[in-house]
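Below are the chains, spelled out letter by letter.
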Amino acid sequence: MKKLYTCLLSVLLAGLVILGAISLADKDKTVSLVENRKLASKPAFSWSALFNGTYIRNLETYYADTFPFRDSLLTVNKKLNRFYYYSGGGSNYLAISYNGGAEKGGEALHTAEQAASEAAGKETTAAAADGTTASGAAETTSAETTTAAETTAKPDPEIALPGEDQATAIGTIIVVGDNAMDIPTATYSVIDKYAAAVDDLAKAMGSGVQTYSLVTPNSGEFYSPESFHTGSHSQKDMIDYCYSKMDKSVKTVDAYAALREHADEYIYFRTDHHWTALGAYYAYTAFCKSAGLEAVPLADFQTGTYDSFLGSMYTYTSGYAQSDALKKHPDTLTYYLPTHETHAKYYADTTLTNGVPVSVVYTKLSDSVSNKYLCFIGGDTPICIIDTDVGNGKTCMVLKESYGNAFIPFLTSHYSKIVVVDPREFNHGSKPSLDIAAFGKSQGVNDLIVINYPFMINNTSYIDWLERLVK
Amino acid sequence: MVFSSLTFLYCFLPVCILLYFAGRTVNYKNWVLVVASVIFYAWGEPVYVILLVMSAWLNYAFGRMIGGCRGNGDKKWMTIAVIVNLGLLAIFKYTGFLVTNLNHIAGLSLPVPKIELPIGISFYTFQALSYVIDVYRGEVGVQKSYRNFLLYVALFPQLIAGPIVRYSEIEPQLARRKSTPEGMYYGAMRFCVGLGKKVLIANYTGKIANQLLDGELGSLSTVGAWLGILMFTFEIYFDFSGYSDMAIGLGRLFGFHYSENFNLPYISKSITEFWRRWHISLSSFFRDYVYIPLGGNRKHQFLNLFIVWGLTGLWHGASWNFVLWGLYFFVLLWIEKHTKRQLRRVPRFARHLLTMFFVVIGWALFYCTSLSRLGQTLGVMFGFRGSGFAGGQIGITLLNSIPLLVVCILGSSAVPRIVGLALAAWSSGESATQGRRVAYALLVFAFDAAILFFATVSLIGSSYNPFLYFRF
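Just so it is clear, the model here is predicted, and its values are computed rather than measured.

## Some details on the overall build of chain A
Part 1 of the argument: Each helix and strand in chain A was counted, giving 19 helices and 15 strands.
Part 2 of the argument: Out of the 471 residues belonging to chain A, those deemed buried represent 48%.
Part 3 of the argument: Restricting the contact set of chain A to residue pairs at least 6 apart, pairs at least 24 apart contribute 77%.

In C-alpha cells:
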C-alpha cells in the first residue's frame, strides 16, 4: 500500500508541477476571442506597486488570464454552471447580478482611427474633410470606416474598463427563454437628482431654448416575469416619478405609452440591452407629439438589415449555459435610413477641430464588427454634429448615452443641424471641458433633448456628469 | 496568498513540496517552511509581513524572558506580553472602531484613522499569546530557536485562517516529525476536500448571498431574505471549515498533526453542542485563557460567560454587530443552561431544527455589519417589510440554486462522513482484502482529483470577464 500511496501522490504532484511549468513557460496569449477582450499582460515591477499591493494583484490576474488551456477550461466551466445555475426542466431561466461598469465612455467605430488621425496631424484630417464634402460621402466613408473598424474592433481596455473611481451600477440580468433583460431598481433619491440635473440644464440653456426630457423604459419592463417590473423595478413608476419632479418648463416625452402600445412588435433586442430602431421610432413619434412636429410615417423610410446580431446581454451571460438559447436565436437589426441628405462628423472637444466623418446610419458594417448597434452614428463619440438638407435652420442638441444613438437618425427629418453630446466624455479627469450654455449658444441651439434609459436616471455618476456640463 | 488561487496551487505549492522533500534533515525542512511561510504571507501583505516577523520575535523574546526569570519577575513579563499582544491587535484591528465610538459617545470629531487589517493578525496573535501564557504556567518549555518559533506562529497552512494551534501540540513536531506515505496521502486528499468546500461550494453560495442581501432591501422578499441568509450560513461553514481542512491536510503533508477545528456543527441539537463543534480551536482558547482564569463556573459564572461571549463576538470583527452576535449566543446558552430538563423532552428532530433556526438568525447578525441594515434584513425575514412573501426576483434565483442547495444540505449533514466511514470500514476491516484497499485508495484519489480539476475550472471561470462597453 505504501507504494500505491507514493505512486498516487507522485501522479498528483507531477500534475501540479507539469501544469505549473507550462503555465510559466508557455507563450502567453494576449487576446481572448472567447471573451472579446485583451488579456492582462505581465505587470511591470516597481517597489511602490509591490508595497501597495497592486503588483501582486495584477500578477494574479495576469496568471489566471494566461493560464494554459484557458479557453478549454472556460468551456468546461460553462458546463459546470449548468449545475450551479439550474435553469429548470424544459425552460431556460437565469438570474445573475452584475456590477455594470464602463461608465467612462461608450464604444465607437472609430476609437483607434481617431487616435491615428490625431497623431498624423492635418494630412489625415484634410483627407477626411475631402471625403465628406464629396457627394455621396456617407456611403464612401462608411465603407472606409468599416474596414478601419476591422482593425479597431478589438476594444482598447484603456477607454472603457471600469476603473476604481467609477461607481458601479448593481442590477440583475435575467434570461427567460431566448430573451435576456437587465432589470433596473429604483432609488428615488437618485431619480430626484436626475430630475434636478435636467432642470439645471434647462435653466442654463436659457429661455430661448426648449428642453425635452425623454426617459425610455428598457425591455425588462415589458417582457420580464411580473415581479421584475413591479414594485421597485417598475420602470413606469420610475419614469412617472422622474417626470413629476421636473420643472414645468421642461417638456416630458411619453415614450413609455408609445412603446407599451407596440410591445408585441420587435421593439427591443433579445440579446442586447438596447432598443431596436423600431422601438426608437415609436419613441420618436411620442417626441414629435410633444414637440408639435409631424412624424415621418414608417413606410416612408428605406430600410436594411443586419442578421445574426449577438449583443451585450449575450456577451454578459456567455459564461452560462442559458446563453446557448440566445446564440441559437440571434437578433436581426433593421435600420431606417434618413429621409434627408446628411453629413456628419465627430469631434473630440468643443474646438471642433480634426473632425472625423461618420455616417448617421452605416449600411455596410463588416462582419468583424460584432456590435451591430454601432451602425447608428458610429456608436458613442464625444461630440457628433450632423448637418442635414432640412432647410428650416433649426438646431437641436441631444444629450444621450447609447440609447440615444438609434433615436437620433429620426431627428434628421426635422432639424437642419443636430449636435450630439455624450456627457460622459467631458469635465472629469483628463477629459476636455464643456460648458453646455456657451457651446449651445455658439451652435445656435433651439431645442435640447435629454434622452436616457432607467439605469441612467438611477446612476449617480451619470447624473454627476450631466451636472458638470452646467458651469 | 490564499490556498484557493491558481498561483498557490500551481506555483507555490509544488515548488514548496519539491524543495521540502529535496533535503533530509529537519533543520533543512524547517528552513524551507519558514522561508515559504514568510513568502506566502508577504504575497498578500508585502508590508505587514514585517509586523508578523516582529510580533513573532517579541513573543519569542517574552518566552525567553519568562523562562529566564522563573518566580522572579516572570509574571511581570507575562503581563507585558499580554499587553503588547492585545495592544497590537487593538491598534491594527480596533482603532477605527474605538475612535468612531469615542466620537459618538463624547461628541468629538476625531479623524477616524483608516488602518487596514493585517491578514490573519487575530489568529497569529492568539497563537503567540497562548504560547507566552503556557510558558508562564510552565505547561510548555521555552523555545530557544527563533526560527522554530516563527515556524510555529507563521507556518503557512494555518497562518491566515487558523486553526489556532497550541504550542503544546506542536512543540515536539518542530524538532522531530515524519511524513509517511499514508499521512501524506491523507493530507493531500484532505486538502482537496477543503479546496472543494471553498471553491466549489462556498464561492457559489457566497455569490448568491451577496446577490440577495447586498441590494436594495426594499425589493427583497421574505423568501429571498431567508434564502440569502441560508446561503450565507452555508458559505461561512464551507469556507471556514474548508480552510481548516486545507490547513490540516497541508500540515499532514509536512508531518504536522493539527487538531480538528470543525466537527459537523450543523448537525447540532443544541447551541451548547453547536459551540463544541464550531471553530473548536477558538472556543477552547477562550475557555482556557479567559473563562477559566476569570473563575469559570466557580464564581460569578454569569459575568464570566458574558465577558467571554462579548470578546468572542468582538474577535470576529471590529463592529457592534459582532459583539451583538456573541452576546446573542451568550443569552441563548444561558437560557439553554436553565431549561435543560424541559428541552430534553423535545424530540431530537425538533431540537435540531430549533438549534439551526437560532444559528441561522445568528448568521444574519453576523452578516449585516450595519445595524440599520440588520434591522431591515430581519424585518424582511419576518415579513414586516420588503416586497412581500415571495415577490421581487426570488423565483428564478431560487430555481437556479436548487442543486447547490441540495449539495449544501447534504454536504453539511452527517451523510458524507457516514459514507466515508462505511467505505473505510469496508476496506480496512479484518475481512478486507488487498483488492479492497487498493480500490478504496483509488476511489478516494479519483474523487479528490476530480475536485482539484473542477476547482481549477471554477477558478479560471471566476476570471471570466467578457468585455463589455456595457452600460451604454
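Next, the rest of the story.
## Topic: the overall build of chain B
Part 1 of the argument: Tallying secondary structure elements over chain B gives 21 helices and zero strands in all.
Part 2 of the argument: Relative to the globule expectation of 23 Å for 472 residues, the C-alpha radius of gyration of chain B, 24 Å, shows essentially globular dimensions.
Part 3 of the argument: Excluding contacts between residues fewer than 6 apart, the proportion of contacts in chain B whose partners are at least 24 apart in sequence is 72%.

## A look at the domain arrangement of chain B
Residues and elements named next belong to chain B.
Part 1 of the argument: Domain boundaries in chain B define domain 1 (6-177), domain 2 (184-411) and domain 3 (415-461).
Part 2 of the argument: Once you take the C-alpha centre of each, domain 1 and domain 2 turn out to be 26 Å apart.
Part 3 of the argument: The interface of domain 1 with domain 2 comprises 21 residues on the first partner and 19 residues on the second.
Part 4 of the argument: When residues of the side of domain 1 that touches domain 2 are traced back to their parent elements, those giving at least two are helix H4 (74-106), helix H5 (121-137), helix H7 (156-159) and helix H8 (167-175).
Part 5 of the argument: Class assignment for the residues of the side of domain 1 that touches domain 2 results in 12 nonpolar, six polar and three charged.

## Quick word on the sheet that holds strand S11 (residues 356-358) of chain A
Residue and element names in this part refer to chain A.
Part 1 of the argument: Here eight strands make up an open sheet; going across it, the order is S7-S6-S15-S13-S14-S12-S10-S11 and the pairing mixed. Lying at the two open borders of the sheet, with one neighbouring strand each, are strand S7 (251-253) and S11. Between one strand axis and the next, the sheet turns by 25° as a mean value, whatever way the strands run.
Part 2 of the argument: For strand S13 (residues 395-400) and strand S14 (residues 417-421), the ladder comprises five bridges, and the chain directions are parallel. In the strand pairing of S14, Met397 is matched with Val419.
Part 3 of the argument: Along the sheet, helix H13 (residues 277-291) makes contact with strand S6 (210-215) and S7, crossing S6 at roughly 150°.

## Things to note about the environment of B:Gly187
Residue and element names in this part refer to chain B.
Part 1 of the argument: Positionally, Gly187 belongs in helix H9 (residues 181-213).
Part 2 of the argument: Here Gly187 falls in the buried class, since 25 other C-beta atoms lie within 10 Å of it.
Part 3 of the argument: Here the alpha-carbon distance between Gly187 and Ile208, two residues 21 residues apart in the chain, equals 31 Å.

## Digging into the interface of chain A and chain B
Part 1 of the argument: Residue-level contacts link 70 residues of chain A with 56 residues of chain B.
Part 2 of the argument: Here the residues of the side of chain A that touches chain B are counted per class, giving 37 nonpolar, 23 polar and 10 charged.

## A closer look at the environment of A:Thr185
Part 1 of the argument: Counting through the fold element by element, A:Thr185 comes out in the loop between strand S5 (179-183) and helix H9 (188-205).
Part 2 of the argument: On a C-alpha basis, the gap between A:Thr185 and A:His229 in space is 9.1 Å, while along the polypeptide they are 44 residues apart.

## Brief notes about the confidence of the model for chain B
All names here are of chain B.
Part 1 of the argument: Of all residues in chain B, 97% attain a pLDDT of 70 or more, and the chain-wide mean is 89.
Part 2 of the argument: Confidence scores differ between elements of chain B, with helix H18 (residues 394-400) showing the lowest mean pLDDT of 85 and helix H19 (residues 402-411) the highest of 95.
Part 3 of the argument: A low-confidence stretch, residues 468-472 (pLDDT under 50), is modelled with 22 contacts involving residues beyond four sequence positions or located in other chains.

Cut-off values and rules
- Residues numbered from 1 in each chain as written.
- Chains lettered and ligands numbered in written order.
- Predicted model: local features only at pLDDT ≥ 70, side-chain atom pairs only at ≥ 80, totals over all residues.
- Helix = DSSP H or I, 4+ residues; strand = E, 2+ residues; numbered from the N terminus.
- Buried ≥ 20, exposed ≤ 12 C-beta atoms within 10 Å, placed from the backbone.
- Contact = placed C-beta atoms within 7 Å.
- Rg over C-alpha atoms; globule rule 2.2 N^0.38 Å.
- Domains from an automatic or database assignment.
- Nonpolar A, V, L, I, M, F, W, Y, C, P; charged D, E, K, R; others polar.
- Pairing = 2+ DSSP bridges.
- Axes fitted to C-alpha atoms, helices over the stretch in contact; angles between N-to-C directions.
- pLDDT = per-residue confidence, 0-100.

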